[in-house]
Amino acid sequence: MDIAEQLFLEKGYDDTLVSDIVNQAGVAQGTFYYYFKSKEAVLDEITDKYIQIIVRSMEQISKDENLHAVDKLVKIFKFSVSFREDTMGIMQEVNDEKNLHLQRKFEERIPLETVSPLAHIFKEGVDEGIFNTPYPDYAAKAFNGISAMVLQGLDNADTDEIKRRFMVIFDFIERILGTESGVINNAFREGA
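So, here's what we can say about the structure. Note on numbering: residues in each chain are counted from 1, in written sequence order. Local features in a predicted model are, by the rule used here, given only for residues with pLDDT of at least 70; side-chain atom pairs are given and counted only at 80 or more, and totals for whole chains, interfaces and linings are based on all residues. No hydrogens and no water enter the side-chain calculation; it runs on all heavy atoms of the structure.

**Things to note about the environment of Leu9**
We count it as follows: Secondary structure elements follow DSSP: runs of H or I of four or more residues count as helices, runs of E of two or more count as strands, with numbering from the N terminus. Exposure is judged per residue with a 1.4 Å probe applied to protein chains only, and the accessible area is read against the type maximum: over 50% gives exposed, under 20% gives buried, and values in between give partly exposed.
Within the secondary structure, Leu9 sits in helix α1 (residues 2-11). Among the residues examined, Leu9 registers a relative accessible area of 32% and is labelled partly exposed.

Structural data, given as structure tokens:
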């Protein structure tokens with residue numbers, strides 16, 4: 001799977017053949033088909049891996065006792081930007097029309113599996129006196145919904161456009177969290 005992922009990133013998904021993967025791995029083609037039904041099945045596994053990386057990273061950030069709530073949000077955004085840049089080639093394949101099932105997987109699992117770490121951060125922010133919301137769990141759900149909506153259609157966007165859209169998300173989330181305008185936005189800019 002790691003070799004396939006590397007080849008997808010280097011050559012592109014469409015230009016990578018199963019024979020390229022097995023040749024690079026030094027195994028017989030039958031060995032590939034023992035583990036995977038097709039090249040598409042490998043992409044599906046890589047999608048699961050990426051979802052796990054995103055969720056685990058957010059959980060680790062949310063539990064970092066050396067960071068305040070706003071710093072944790074900034075770190076999550078920075079992770080998101082770098083993760084997107086590092087996986088651009090494969091994520092374009094995931095977002096291709098022919099892989100709607102993979103898009104749906106991302107759209108369903110990421111918001112569900114990241115509510116808990118986000119709610120944890122929002123509760124910390126309330127305890128720190130930075131946020132003022134009686135509903136951190138629902139604020140986390142709203143955050144995910146707003147983020148998904150604002151980030152829609154970013155397949156070929158450059159980093160500047162992504163950052164602009166983050167500023168929009170920051171504005172909305174500051175309102176939802178009941179914090180001063182610019183708190184998250186300024187922290188992101190200072191750390192950028």
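**Focus: the nonpolar core**
Quick note on the threshold: Here, nonpolar core means buried Ala, Val, Leu, Ile, Met, Phe, Trp, Tyr and Cys residues that are tied together by side-chain atoms lying within 4.5 Å of each other. Any two residues whose heavy atoms approach within 4.5 Å at even a single point are treated as in contact.
Counting 54 residues, the largest nonpolar core has Phe8, Leu73, Phe77, Leu118, Phe122, Phe131 and Phe166 as its most contacted members. Elements with a minimum of two residues in this core: α1, α2 (18-25), α4 (39-62), α5 (69-86), α7 (100-127), α8 (136-151), α9 (159-177) and α10 (183-191). Sequence-distant contacts of Phe131, that is, excluding residues within four places in its chain, are made with Ala69, Val70, Leu73, Ile121, Phe122, Gly125, Val126, Leu177, Thr179 and Ile184.

**What to know about α2**
Basically, it comes down to this: Working note: the arc is built from the helix axis to C-beta atom directions.
For α2, the full list of buried residues reads Val18, Ile21 and Val22. Seen from one end, α2 has its buried residues packed into an arc of 90°, which puts them on one side. Of the residues in α2, the exposed ones pointing more than 90 degrees away from the buried face are Asn23 and Gln24. In the core, the buried residues of α2 are packed alongside α1, α3 (29-35) and α4.

**Notes on the pattern of salt bridges**
Our working definition: By convention in these notes, a salt bridge is any Lys or Arg side-chain nitrogen within 4 Å of a carboxyl oxygen on Asp or Glu.
Counted by the stated rule, this structure contains 11 salt bridges. Glu5 serves as the salt-bridge partner of Lys49, at 2.5 Å between the closest nitrogen and oxygen. In this pair, Lys49 sits in helix α4 while Glu5 sits in helix α1, placing the two residues 44 residues apart along the sequence. According to the relative accessible area criterion, Glu5 is buried, its value standing at 11%. Here Asp171 ties to Arg175 by a salt bridge, and the two come within 3.2 Å at their closest N and O atoms. Separated by 4 residues within a single helix, Asp171 and Arg175 lie in helix α9, roughly one turn from each other. Classification of Asp171 by relative accessible area gives partly exposed; the value is 27%. Where salt bridges share partners, they join Asp2, Glu5 and Lys49 into one cluster.

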